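Structural description and commentary
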Amino acid sequence: MGALLDTPRTEKFNESGEGNNLRYGLSSMQGWRVSMEDAHCAITQLPGNLKDWSFFAVFDGHAGALISERLSATCVTQLFNYEIGKSSNSQMYTITEVRQGIREGFLALDEDLHKSGSTAVCVLITPNHIFFVNCGDSRAMLIRDGEVGFATTDHKPAHPTEKERIQNAGGSVIVQRVNGSLAVSRFALSLGDYSYKTVRGLGPTQQLISPEPEITVIDRQKDRDQLIVLACDGVWDVMSNEDLCQVVGERMRCVDDLSRVCDEVIDYCLYRGSSDNMSIVLVAFEPAPKVDAELQASDKRLEQTIEQMTNGACRGPAFFSFCFVFTFSLVLQFVCVCVRVCSILTTSIDHQTDQWRCESCPGLGVCS
């Protein structure tokens, strides 16, 4: 986990945009960590002949932010230098070609940038398909008809497939970590000291730590697909897929700003005990939940009431009655505690006095 601050850094970075009939908002916060190691990428329209495709990603750097930042800046260019981008018509690509292009792009990134490590979770949205690309323990989730339609699988060492590869490479899984040290079994990039990638005779995807992405392709259902959520483990460590699905859906009926919804999710995760960096990207399709005027008005009234109480603006009879009752209850509890303590002390003193008398006059019958 690394060193933590005395108090969390709660300043947030926000970004939002729209294109290709999509809206997105994102938020990231350093939190309790001594540095911010997350990065992100959000492109609603890819360049050139892929302008009707969109790409979103979250990267969680390990041992520093260098690689996650480099990934966010170079990932798209590197990925689409391969099979993707060679045709003049984006509709000409087959699913196999896109999958192969993504895989080759990730392996090439591993060769070019090998000073540290980072997880990566990406979604490539085409007119007919959604490509979920995952390498590590960041996660992406599709919300369809208000429920979890799909979620990527975290690459943890204890997962049967990951554990088998680790053991085949001569390693072991101890306390759910690779050789008792690393909690993630796949990285978008290799670790700088190569200690996890030194087994002779094995390719990069067969080593203790693999840079190979897991790619899942889902057909779009344009009348049912509502949202895609991408987030790092700082969010998923304290929220399940179902929890986040429910929270996002409910807040979008009160708030139209996707970045603000992301802010609220991060604040909620901090409240629930997350001590890691936190980043979340929310992508909304046309059927996404819409703001309900009645719920929005109720939410604003609640916010105003909380703000008044916080700022001390509420000074009416009800407020003073509450203060009086609260103070009186505290005083009453304090008096009860004092009486109880005095009773215990008196009993103890009497007992010790009787015992002293018995020891001072043995056989005289004074204490009988």
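How each quantity is defined
Residues numbered from 1 in each chain as written. Predicted model: local features only at pLDDT ≥ 70, side-chain atom pairs only at ≥ 80, totals over all residues. Heavy atoms only, no water. UniProt positions renumbered as here; feature names shortened; annotations may be inferred. Salt bridge = Lys/Arg side-chain N within 4 Å of Asp/Glu carboxyl O. Helix = DSSP H or I, 4+ residues; strand = E, 2+ residues; numbered from the N terminus. Buried < 20%, exposed > 50% of the residue type's maximum accessible area, 1.4 Å probe, protein only. Core = buried A, V, L, I, M, F, W, Y, C linked by side-chain atoms within 4.5 Å. Contact = heavy atoms within 4.5 Å.

You'll find the chain entered in an unreviewed UniProt entry as PPM-type phosphatase domain-containing protein, with Mesocestoides corti given as the organism. We quote the UniProt Sequence similarities (unreviewed entry) comment for the chain here in full: "Belongs to the PP2C family."

**A closer look at the pattern of salt bridges**
All told, the structure shown has 13 salt bridges when counted by the stated rule. Across the salt bridge formed by R144 and D225, the nearest N and O atoms sit 2.6 Å from each other. Within this pair, whereas R144 is found in strand β7 (residues 139–144), its partner D225 is found in strand β12 (residues 225–231), the two being separated by 81 residues in sequence. With relative accessibility at 14%, the residue R144 sits in the buried group. Across the pair R260 and E264 runs a salt bridge whose closest N-O atoms are separated by 3.4 Å. Here R260 and its partner E264 are both found in helix α6 (residues 258–271), four residues apart, which amounts to about one turn of the helix. Each of R251, R260, E264, D299 and E303 takes part in one network of salt bridges that share partners.

**Comments concerning the nonpolar core**
Counting residues in each nonpolar core, the largest one holds 28 residues, and the members touching the most others are L227, V229, L244, M252, V265 and L282. At the level of elements, β7, β12, α4 (233–236), α5 (241–252), α6 and β13 (278–284) are the ones that each hand at least two residues to this core. If one sorts the elements of this core by residue count, α6 sits on top with seven residues. Residue contacts for L227: discarding those within four places in its chain leaves M141, L142, I143, V248, M252, L282, V283, A284, F285, A288 and P289. Counting 23 residues, the second-largest nonpolar core is a separate cluster that includes Y93, F106, L124 and C135.

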